Amino acid sequence: MGSRSRSPVAAGPAEIFTDLRAEADRIRERLAREIPESDVEPPPEEAPAAHIARHAEEERARVLAAGARGLEKLAEGRDDEIGDDESFGLEAIVLLTGRPAILVQAGDFAPQEGEWAVLDGHRAAIRESLARVGRVDVSGHLSLDWVGTGFLAGADVIMTNRHVAVEFARGAGEGWTFQPGLSAALDLAREFGQLPGSGGLTYAVTEVVGVHDEVDMALLRVAPAPGGRPLPAPLAVAADAPADLPGRPVYVVGHPAWDGRRNEPESMRRIFMDVYNVKRLQPGTANRLLPPGDRPGRDGRGGNVMTHDCSTLGGNSGSPVFDLVDHRVLGLHFGGRYGFGNYAVPLWTMPDDPLVARADLNFV
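We now turn to the structure provided with this report. (Residues numbered from 1 in each chain as written. Predicted model: local features only at pLDDT ≥ 70, side-chain atom pairs only at ≥ 80, totals over all residues. Heavy atoms only, no water.)

Concerning helix H2 (residues 20-33)
Now for step 1: When the terminal C-alpha atoms of H2 are compared, their 20 Å separation across 14 residues agrees well with the 20 Å that a helix rising 1.5 Å per residue should span.
Now for step 2: Those residues of H2 that sit buried are Leu 20, Glu 23, Ala 24, Arg 26 and Ile 27. The buried residues of H2 occupy an angular sector of 160° when projected down its axis, which confines them to one face.
Now for step 3: A side-chain oxygen of the first residue of H2 lies 3.2 Å from the backbone nitrogen of Arg 21; this N-cap is Asp 19. (Helix = DSSP H or I, 4+ residues; strand = E, 2+ residues; numbered from the N terminus. Expected span 1.5 Å × (residues − 1). Buried < 20%, exposed > 50% of the residue type's maximum accessible area, 1.4 Å probe, protein only. Arc of directions from axis to C-beta. Polar contact = N/O pair within 3.5 Å; in protein donor to acceptor, adjacent residues only side chain to side chain.)

Quick look at the structure:
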């Protein structure tokens, strides 16, 4: 079976789909009922974009059809006959149906099919979650205009990763402050089709509450602009461990980014349709809790780690990992390793941590 070492897929088809043949049939049925492109030629000024979009849709359909063939070969135990196109198609199916990255628009998401049709029954609660997660934008940086994801974890405090915050913050004595000439903000409305700042939901980062020494966490204070909308109520952060963590349905909310250094550019282009840097809903499952030292760390620091298999990319740094059962935030996503899974700080282990306690987060 062909392999792509820089794929974002953290779990294989056999781990995700209970019936490989049925999933192949469902993919083919979906492709058969898609509405064909119109024969009407678009206006000249729109023609290039229309042709590009048509080509992208046709390419994605071709990839999914190859993946359906791969599923059937897996079901028949013919793994060694799976070619490169079918291997890539399997990864595309995992991303698009098994572990999708669903676009968020107007604070909502499209109805889902198959395994994730269950999301529709949680729509109201998920909408509340989506409304409290934003993109961390920066001003004054030499090469970046945004650095990751953050979410409201306290009345006026957002949580993100250490490696996100250090792009604009620095240590100062026993505390932290902004790097000279840099500022940051949380934009809760960075969605597909939404112009930057047009949602009226941007909040300035006014203080670096602290950057954790041991786990990949930073806490930032935010405030609305004068006359702007007040901050929404914070998310509920899990104060106790969930029952039966392995296999528990979860979802991540964040802003996946294109990153040719870590992901194969053509693969990302085909699957994500060149739509990056905007809010997405990314469902999956939690796996297990790893003790300190039992995972590859970004900087070798300690702390327990929760693993999950949601399909995340760069830009998801700082994303909350929600329990799909009660919609509390179980973890703070901070990275992953291809073929092994994604990693998050298990927040139910943190209520008594000095930095976390000082920030007065909304543990429930």
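Observations concerning the nonpolar core
Now for step 1: If you look at the biggest cluster of nonpolar residues, it comprises 36 residues, and the most contacted ones within it are Phe 151, Met 159, Met 217, Leu 219, Leu 281 and Leu 347.
Now for step 2: Counting only elements with at least two residues in this core, the list comes to helix H5 (123-130), strand S4 (157-160), strand S10 (249-254), strand S11 (280-290), strand S14 (329-337), strand S15 (341-346) and helix H8 (354-359).
Now for step 3: Setting aside residues no more than four positions away along its own chain, Met 159 makes contact with Thr 149, Gly 150, Phe 151, Ala 153, Met 217, Ala 218, Leu 219, Gly 318, Leu 332, Leu 347 and Leu 361.
Now for step 4: Core analysis: the next-biggest nonpolar cluster, separate from the first, contains 22 residues, Val 138, Leu 186, Val 205 and Ala 218 among them. (Core = buried A, V, L, I, M, F, W, Y, C linked by side-chain atoms within 4.5 Å. Contact = heavy atoms within 4.5 Å.)

A few points about the environment of Ala 61
Now for step 1: Mapped onto the secondary structure, Ala 61 falls in helix H3 (residues 47-75).
Now for step 2: The class for Ala 61 is partly exposed, based on a relative accessible area of 24%.
Now for step 3: Residues Ala 61 and Arg 28 lie 33 residues apart in sequence; the distance between their C-alpha atoms is 9.5 Å.

Overview of the packing of aromatic side chains
Now for step 1: Overall, the coordinates contain three aromatic pairs when judged by the stated rule.
Now for step 2: With 6.3 Å between their ring centres and 25° between their planes, Phe 334 and Tyr 343 make a pair best called stacked. Like Phe 334, the residue Tyr 343 is buried in the burial classification.
Now for step 3: Sitting above the plane of the Phe 109 ring, Arg 123 keeps its charged end 4.1 Å from the centroid. (Phe/Tyr/Trp six-rings, centres within 6.5 Å; stacked < 30°, edge-to-face > 60°. Lys NZ or Arg CZ within 6 Å of the ring centre and 35° of its normal.)

Read these as geometric descriptors, not functional statements.
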